[in-house]
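Okay, here's what each chain looks like letter by letter:
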Amino acid sequence: INAEYMGIYLVKEEMVSKESSIKDCIPAKVREAILKESTVTPGSSVVRGYDFNEGLDYGKLFATYKACGIQATNLGLAIDQINQMIKWRLSDEPIAKDEDEELKDPEKRANVRCTIFLGYTSNMISCGMREIIRYLCEHKMVDCIVSTAGGIEEDIIKCLADSY
């Protein structure tokens, strides 16, 4: 151990013998404070990314987002939620006692699906997401759009010429 800096001990690798490890060179009080025994949080998954050596399968790629860190995990969970919304039909639910007569018909129930809202801020248009949003709308993947109008000039500018 060659230095102490703000209570953290620095260890030079050449000071560690082959029989010991850097962990063995750290003072006991530091080990007790920092090197705590880990526990697995119930319901958590191992952090692991997609293995591109298995080829490119977008479904599997997106599924791995749930195990890639906080933001990717939330994106993965959002993808799962969207897939559930796309697959859901009223026919998946039991018929309620007070159900409208019209919605008791199995064929009609099979045609009732989620209404999907897409909300975004206006800057998403000028940052390269415009084409994705357009695609989702053109292919009827979105039922309703909710957008801020804070930057209508962004839409106008994007229509006039390319942005760089």
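Up top you'll find the structure we're talking about.
Residues numbered from 1 in each chain as written. Predicted model: local features only at pLDDT ≥ 70, side-chain atom pairs only at ≥ 80, totals over all residues. Heavy atoms only, no water.

(A) Highlighting the packing of aromatic side chains. In total, this model carries three aromatic pairs according to the counting rule given. For the ring pair Y50 and F52, a centre distance of 4.9 Å and an interplane angle of 80° mean the geometry is edge-to-face. Note on Y50: relative accessible area 14%, which makes it buried. The class for F52 is exposed, based on a relative accessible area of 55%. For the pair F62 and Y65, a centre-to-centre distance of 5.7 Å together with 70° between the ring planes defines the contact as edge-to-face. Accessibility expressed as a relative area gives 32% for F62, which makes it partly exposed. (Phe/Tyr/Trp six-rings, centres within 6.5 Å; stacked < 30°, edge-to-face > 60°. Buried < 20%, exposed > 50% of the residue type's maximum accessible area, 1.4 Å probe, protein only.)

(B) The state of the cysteines, seen in detail. This structure, assessed with the given rule, holds zero disulfides. C137 carries a free sulfur, and the closest cysteine sulfur to it, the one in C144, is 9.8 Å from it. Note on C137: relative accessible area 30%, which makes it partly exposed. (Disulfide = S-S within 2.5 Å.)

(C) A nonpolar patch on the surface, seen in detail. Together, F52, L56, Y58 and F62 make up a nonpolar patch on the protein surface, roughly 450 Å² of accessible area in all. Counting through the fold element by element, L56 comes out in the loop between α2 (28-34) and α3 (58-64). (Patch = residues over 30% accessible without salt bridge, like charges linked within 9 Å, V, L, I, M, F, W, Y side chains within 5 Å. Areas by Shrake-Rupley, 256 points an atom, 1.4 Å probe, with all protein chains shown as cover. Salt bridge = Lys/Arg side-chain N within 4 Å of Asp/Glu carboxyl O. Helix = DSSP H or I, 4+ residues; strand = E, 2+ residues; numbered from the N terminus.)

(D) Structural context of the environment of F117. Positionally, F117 belongs in strand β3 (residues 117-120). Here F117 falls in the exposed class, since its relative accessible area comes to 53%. F117 sits 29 residues away from V146 along the chain, and the two C-alpha atoms are 7.1 Å apart.

(E) Here's a closer look at the layout of surface pockets. The computed volume of the largest pocket comes to approximately 490 Å³. Surrounding the largest pocket, 18 residues form its lining, I79, I82, N83, I86 and L136 being those nearest its centre. Of all the secondary-structure elements, those providing two or more residues to the lining of the largest pocket are α4 (70-87) and β3. A per-class count over the lining of the largest pocket returns 14 nonpolar, one polar and three charged. (1 Å grid on protein atoms, 1.4 Å probe; cavity = no way out; pocket = protein on both sides within 12 Å on 5 of 7 lines; lining within 4 Å. Points joined across faces, edges and corners; volume = space filled by probe spheres on them. Nonpolar A, V, L, I, M, F, W, Y, C, P; charged D, E, K, R; others polar.)

(F) Quick peek at the pattern of salt bridges. One pass over the structure, following the stated rule, counts five salt bridges. Linking R109 and E99 is a salt bridge whose minimum nitrogen-to-oxygen distance equals 3.3 Å. Here R109 is found in helix α5 (residues 106-111), whereas its partner E99 is found in the loop between α4 and α5, with ten residues between them in sequence. Since its relative accessible area comes to 3%, R109 is described here as buried. Residue class for E99 comes out buried when judged on its relative accessible area of 19%. A salt bridge links R113 to D143; the nearest nitrogen and oxygen atoms lie 2.9 Å apart.

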